[in-house]
Amino acid sequence: MQKKIVVREAVQEDYSSLTRLAWQLGHQAESSQISTRLLDLLQRDDHKVLVAQVDGEIAGWVHAFLNRPLHKDTVVDIAGLVVDENHRKMGIGRRLLEAVEDWAKNQGCEQVTLSSNITREGAHKFYQNIGYQRAKTQYTFMKELLK
Ligand SMILES: CC(C)(COP(=O)(O)OP(=O)(O)OC[C@H]1O[C@@H](n2cnc3c(N)ncnc32)[C@H](O)[C@@H]1OP(=O)(O)O)[C@@H](O)C(=O)NCCC(=O)NCCS
């Protein structure tokens, strides 16, 4: 039987489930850090954190935000997306991104964009499967700032 997927806005109490799934995304954040960041994001209109529930359990989340460059149209950017490894390929990722796309349209945006590490081949197939096209290849530069 197909399981029912419910997508809803995240609430503060979700932070430990979000932390568990962040680890599956490869980010070893402390739950206290996720809790603090979530508290901040939930108060912002230009950020959206959504969760997908299956049988009442959180099985995925997405964090999207309005990226407003000076020189280009505002787009919605995906900051993070993960589906629990025991619940993949059952349509949860698609549902989460459909909900982000609805939000983007409501915000007047014509594009949803994201960057994905070159190693995430499965994710790339997923994105292409649900209508995202590879737009360009680029380097990410960073500089550690001394305290
Ligand atoms: C990428 C990810 C979010 C996909 O979520 P999901 O819930 O498994 O995806 P869905 O079930 O909604 O899949 C939608 C479509 O993509 C396909 N798909 C999903 N993962 C795929 C994969 N690894 N390889 C090939 N196709 C895939 C599905 O089969 C489905 O196709 P269909 O509609 O033709 O049946 C999930 O695998 C994940 O969390 N991966 C680890 C974290 C990650 O890489 N996040 C993205 C960072 S950029």
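Caption draft 1: Representation of the site of the ligand. As a matter of local geometry, the ligand sits amid 20 residues, with Val83, Lys89, Gly91, Gly93 and Arg94 nearest to it. A distance of 3.4 Å is found between an oxygen atom of the ligand and a side-chain nitrogen or oxygen belonging to asparagine 129. Protein contacts shield 77% of the accessible area of the ligand, which totals 920 Å² for the unbound molecule. Mapped by element, the contributors of at least two residues to the shell around the ligand are β4 (75-83), α3 (92-106) and α4 (121-129). Ranked by residue count, the leading element in the shell around the ligand is α4, at 6 residues. The residue makeup of the shell around the ligand, split by class, is 10 nonpolar, 5 polar and 5 charged.

Caption draft 2: Highlighting unusual backbone geometry. The phi dihedral of aspartate 55 is positive, around 50°, even though this residue is not glycine. The residue aspartate 55 is located in the loop between β2 (47-54) and β3 (57-67) in this model. On the basis of relative accessibility, which here comes to 57%, the residue aspartate 55 falls in the exposed class. In this structure, lysine 89 takes a positive phi of about 60° despite not being glycine. Considering the arrangement of structural elements, one finds lysine 89 in the loop between β4 and α3. Under the relative-accessibility criterion, lysine 89 is labelled exposed at 89%.

Caption draft 3: Layout of the pattern of salt bridges. Scanning all chains against the criterion turns up 5 salt bridges. The salt bridge partner of aspartate 84 is arginine 20, with a shortest N-O separation of 2.7 Å. With a gap of 64 residues between them, aspartate 84 in the loop between β4 and α3 and arginine 20 in helix α1 (residues 15-24) connect regions that are remote in the sequence. Note that aspartate 40 and arginine 44 form a salt bridge whose closest N and O atoms lie 3.2 Å from each other. The partly exposed category is assigned to arginine 44, whose relative accessible area is 38%.

Caption draft 4: Inspection of the side chain of glutamine 12 at higher detail. Looking at the secondary structure, you find glutamine 12 in the loop between β1 (5-9) and α1. A distance of 3.2 Å separates the side chain of glutamine 12 from the backbone nitrogen of leucine 39, its partner in a polar contact. Look past the residues within four positions of glutamine 12 in its chain and what remains in contact with it is Ser35, Leu38, Leu39 and Leu42.

Caption draft 5: Region of the structure containing the pairing of β4. Across the 9 residues of β4, 8 count as buried, placing the element largely inside the fold. Here β3 pairs with β4 via 8 bridges, running antiparallel. The partner of histidine 63 across the bridge, within β4, is glycine 80. As paired elements, β4 and strand β5 (residues 112-113) share 2 bridges and run parallel to each other.

Caption draft 6: Structural context of the sheet that holds β3. Spatial ordering of the open sheet is given by β1-β2-β3-β4-β5, a layout of 5 strands whose pairing is mixed. Two strands lie at the open edges of the sheet, namely β1 and β5, each paired on one side alone.

Caption draft 7: Seen up close, the environment of lysine 48. With respect to the helices and strands, lysine 48 occurs in strand β2. In this structure lysine 48 comes out as buried when scored by relative accessible area, which is 16%. Considering only alpha carbons, one finds lysine 48 and glutamate 30, 18 residues apart in sequence, at a separation of 21 Å. Look past the residues within four positions of lysine 48 in its chain and what remains in contact with it is Glu9, Val62, His63, Ala64 and Trp103. Side-chain polar atoms of lysine 48 contact the side chain of glutamate 9, separated by 2.8 Å.

Calculation notes
- Residues numbered from 1 in each chain as written.
- Predicted model: local features only at pLDDT ≥ 70, side-chain atom pairs only at ≥ 80, totals over all residues.
- Heavy atoms only, no water.
- Near = heavy atom within 4 Å.
- Polar contact = N/O pair within 3.5 Å; in protein donor to acceptor, adjacent residues only side chain to side chain.
- Areas by Shrake-Rupley, 256 points an atom, 1.4 Å probe, with all protein chains shown as cover.
- Helix = DSSP H or I, 4+ residues; strand = E, 2+ residues; numbered from the N terminus.
- Nonpolar A, V, L, I, M, F, W, Y, C, P; charged D, E, K, R; others polar.
- Buried < 20%, exposed > 50% of the residue type's maximum accessible area, 1.4 Å probe, protein only.
- Salt bridge = Lys/Arg side-chain N within 4 Å of Asp/Glu carboxyl O.
- Contact = heavy atoms within 4.5 Å.
- Pairing = 2+ DSSP bridges.

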